[in-house]
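Listed here are the chains, written in short residue letters.
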Amino acid sequence: MRFSDLDGKQVGVWGLGRETRSLARQLTERLPRARLAVVVREDPTQAAAEEWWDGAEIVRPEDAVAALSRCDVLVRSPGVSIHKQELQELAAREIATTTTATALWLAERGGRNVIAVTGTKGKSTTAALLAHLLSSECATHLAGNIGRPALDLLDVPVDEWVVLELSSHQIADLRQGPQVAAITNLYREHIDWHRSENAYRREKLRLFSLPGVAACAYPPKFADIEAAVAACPKRIPFGNEQGWHVAGERSVLHPDGTLLAADDLPLRGSHNALNLCAALAAIDAAGLPRPRLPDALAGVVPLPHRLQTVFDRDGVEWIDDSISTTPESCIAAIAAFPDRPVVLIAGGTDRDQDYAELGRAAAERHVTLVVLPVTGSRLAGAARDAGLGEDQIITADAMEDAVEAARRRATPGAVVLLSPAAPSYNSYRNFEERGDHFAGLAGRNALASE
């Protein structure tokens, strides 16, 4: 279903996020015969005040099936799981077609000149790098999960390129594929939304079997990714010597001899060097000319909350990596500072992750570990089992306590690293709020200690 197919339809939306707000605005401005009839949200008393919602019935989830029976189409926010009982009932009764605003835009465009980037971790950085590199050669737009709703690009000409970051939540019921699909990696994540790890992997990897996908960029070390891309007409690997890969001291190398030295790379960490490999492989998959390297990397800076320096004083650097919601991402963050003492602040919502490998990494690096509820106790136990001394483990009840403890333990030359290895929902609305709180406390506590 395309966006233009909504003209004359009764439309329901579930959730009020960036995507559904963009949908409401575009319906009002472009499709006068479409009617936004129902809005489903957890707290109907907090309905949006924008004029686009005027006349819509605001209902709770328990009343959704009855209310949406009057609609032709349901547009869900990405945070609303396709596995919710109500959506399963709607599908079984064939009451309304369920889609997303991103899917409507992608179908409207037919996927042409779209490079979609997904993955458990690194997809935002890879998408941003890709858009930055392409923009040095041609008109390029960046949208999707990274922030700008895809429907805001309805007027972008088809001959201009779009880099679209896609989460598994957006891919799960997608029906139109992009021209090029790229994936960074695949780890255990989002089990609460997908209901199982197998479902998460299946619904993430279905991107490569969608209509319109003509080429892909992928890391061959993941067996299930290799299986998923096997039928793709054009496959460009990265991360091994057959494609762009990280060599030596964080340099990036291609089999044709093209080399980017460590000093040319704008972002910390070998994982970010690998993200650059993914971006360059996506350009090759699209058949586009490579930008002039390393010149095209000028101006690249870390995205917020991704190994972002938020304070630097008295030889101690405070790093916000609040985007880290998995053990794998935290391991990569620690590895980004190979020659410096690390005081790690970690812990958050429990998603049944395995912390054994992260515990070993912390012990091997002799990290000073400051742990927060809820997963902090599990991480501390894994680190103890791996040999980290008790004097290197500090328990904190809240971020304020963690930052103060880190300040006391950090010596000149050290890094205080917020890389929680868990989501934030037990204490914060999202990882952005968590990172902002850490950044504010870092500056405040450091200055107060003078």
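For clarity, every value in this text was computed on a predicted model and none was experimentally measured.

A. Just the layout of surface pockets, in detail. Here the second largest pocket defines a volume of roughly 190 Å³. Surrounding the second largest pocket, Val 246, Gly 248, Glu 249, Arg 250, Ala 262, Arg 268, Gly 269, Ser 270, Ala 335, Ala 336 and Pro 338 form its lining. Along the lines of polarity and charge, the residues of the lining of the second largest pocket split into five nonpolar, three polar and three charged.

B. View of helix α12 (residues 356–364). All of the buried residues along α12 are Leu 358, Gly 359, Ala 361, Ala 362 and Ala 363. Turning to α12, the residues buried within the fold contact α11 (327–335) and α13 (376–385). Just downstream of α12, His 366 is the residue with a positive phi angle, here 55 degrees.

C. Structural detail: the nonpolar core. Formed by 49 residues in total, the largest nonpolar core has its most connected members in Phe 3, Leu 6, Leu 23 and Trp 105. Sorting elements by how many residues they give to this core places helix α4 (residues 101–109) first, with five residues. Each residue touching Leu 6, except ones within four places of it in the same chain, is listed here: Met 1, Val 11, Leu 23, Leu 27, Leu 31, Ala 34, Val 73 and Leu 104.

D. Local environment of the packing of aromatic side chains. By the definition in use, this model includes two aromatic pairs. Geometrically, the ring pair formed by Trp 318 and Phe 438 is tilted, given 6.1 Å between the ring centres and 45 degrees between the ring planes. With Trp 318 in strand β16 (residues 316–320) and Phe 438 in helix α15 (residues 431–448), this residue pair connects regions lying 120 residues apart in the sequence. A residue is classified by how much of its surface remains accessible, and Phe 438, at 0% relative accessible area, is buried.

E. Expanded view of the sheet that holds strand β12 (residues 245–247). Read from one edge of the open sheet, three strands run β12-β13-β14, paired in antiparallel fashion. Two strands in the sheet have a free side with no partner beyond their single neighbour: β12 and β14 (259–260). Pairing of β12 with strand β13 (residues 251–253) involves three bridges; the strand directions are antiparallel. Bridging across to β13, His 245 finds its partner in Leu 253. On top of the sheet, helix α10 (residues 270–286) reaches β12, β13 and β14; it is set at about 140 degrees to β12, its chief contact.

F. Region of the structure containing empty space enclosed by the protein. All told, the structure shown has one cavity of 30 Å³ or more when counted by the stated rule. Roughly 40 Å³ of internal volume is contained in the largest cavity. With three residues, the top contributor of residues to the lining of the largest cavity is α10. Of the residues belonging to the lining of the largest cavity, the class tally is six nonpolar, one polar and one charged.

Thresholds, definitions, all that
- Residues numbered from 1 in each chain as written.
- Predicted model: local features only at pLDDT ≥ 70, side-chain atom pairs only at ≥ 80, totals over all residues.
- Heavy atoms only, no water.
- 1 Å grid on protein atoms, 1.4 Å probe; cavity = no way out; pocket = protein on both sides within 12 Å on 5 of 7 lines; lining within 4 Å.
- Points joined across faces, edges and corners; volume = space filled by probe spheres on them.
- Nonpolar A, V, L, I, M, F, W, Y, C, P; charged D, E, K, R; others polar.
- Buried < 20%, exposed > 50% of the residue type's maximum accessible area, 1.4 Å probe, protein only.
- Helix = DSSP H or I, 4+ residues; strand = E, 2+ residues; numbered from the N terminus.
- Contact = heavy atoms within 4.5 Å.
- Core = buried A, V, L, I, M, F, W, Y, C linked by side-chain atoms within 4.5 Å.
- Phe/Tyr/Trp six-rings, centres within 6.5 Å; stacked < 30°, edge-to-face > 60°.
- Pairing = 2+ DSSP bridges.
- Axes fitted to C-alpha atoms, helices over the stretch in contact; angles between N-to-C directions.

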